[in-house]
Amino acid sequence: DVCSSDLAAAADWKAMKRSSFLEKFNEESWSSYTSRQWPALDSLPDLITLCADPKTGVVWGGSFGGGLFSVSTDQRISVFKQNSPLRASSDQKGLYLVSGLAFDKKGNLWISNYGADPSLHVRKTDGSWRSFSIPFPIQNRAIADILIDDEDQLWLRIPGNQGVVRSEEHTSEL
């Protein structure tokens, strides 16, 4: 299971608009990927979360400004924002803030959409989506990291010392 969060995020959870790049370690050597190789990276500032699909090898990433993206095993990049259920932040206008990613046991990708409503999405293995709103007030509609435990329960970190939210996998309730 390869997932990483908070690779580069401002302490106040504001987009910094830093250029993005990816690096891959394979067969004892590193490869760098910038906007020269993948022009789509120009629209994906502030990469702060990455997660590899354990079943397909596709790498998914979250940009704190440019939305969600995937890199296929043949190195094609796809970007998801206006063409998905993701929403722009209500606080940081025009920015699609993806702050957490995790795969559940069924292979569904869970996505936190910081500052938006709905702020939690799941992209199912068949490519369909489902979205969830947090049913109680959270400052700035802020959800950061997602962790899925051994019981397939979602744990959502709410930044700014607001706490943690838990959802059981088999329900749609948070």
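A brief structural summary. (Residues numbered from 1 in each chain as written. Predicted model: local features only at pLDDT ≥ 70, side-chain atom pairs only at ≥ 80, totals over all residues. Heavy atoms only, no water.)

### Quick look at the packing of aromatic side chains
Selection rule: Here a Phe, Tyr or Trp ring, Trp counted by its six-membered ring, pairs with any other such ring whose centre lies within 6.5 Å, and the pair is stacked when the planes are under 30 degrees apart, edge-to-face when over 60, and tilted otherwise. Numbering of helices and strands runs from the N terminus, with a helix taken as a DSSP run of H or I at least four residues long and a strand as a DSSP run of E at least two residues long. Any residue under 20% of the maximum accessible area for its type is buried, any over 50% is exposed, and the rest in between are partly exposed; the area is computed with a 1.4 Å probe on protein chains only.
Tallied over the entire structure, the rule returns four aromatic pairs. Summarising the aromatic geometry, the rings of Phe64 and Tyr114 are spaced 5.3 Å apart at their centres and angled 65° between planes, so their arrangement reads as edge-to-face. Here Phe64, found in strand 5 (residues 59–65), pairs with Tyr114, found in the loop between strand 9 (109–113) and strand 10 (120–123); they are 50 residues apart in sequence, far enough to count as distant. Note on accessibility: Phe64 and Tyr114 belong to one class, buried. Aromatic ring contacts, followed pair by pair, group Trp60, Phe80 and Trp129 into a single cluster.

### Quick look at unusual backbone geometry
For the bond running from Asp117 to Pro118, omega is 5°, close enough to zero to count as cis. Take Pro118: it is sitting in the loop between strand 9 and strand 10. Residues other than glycine seldom take positive phi values, yet Glu28 does so here, at roughly 70°. Its place among the elements puts Glu28 in the loop between strand 2 (22–26) and strand 3 (29–33). A positive phi angle is found at Asn140, which is not glycine, with a value near 60°.

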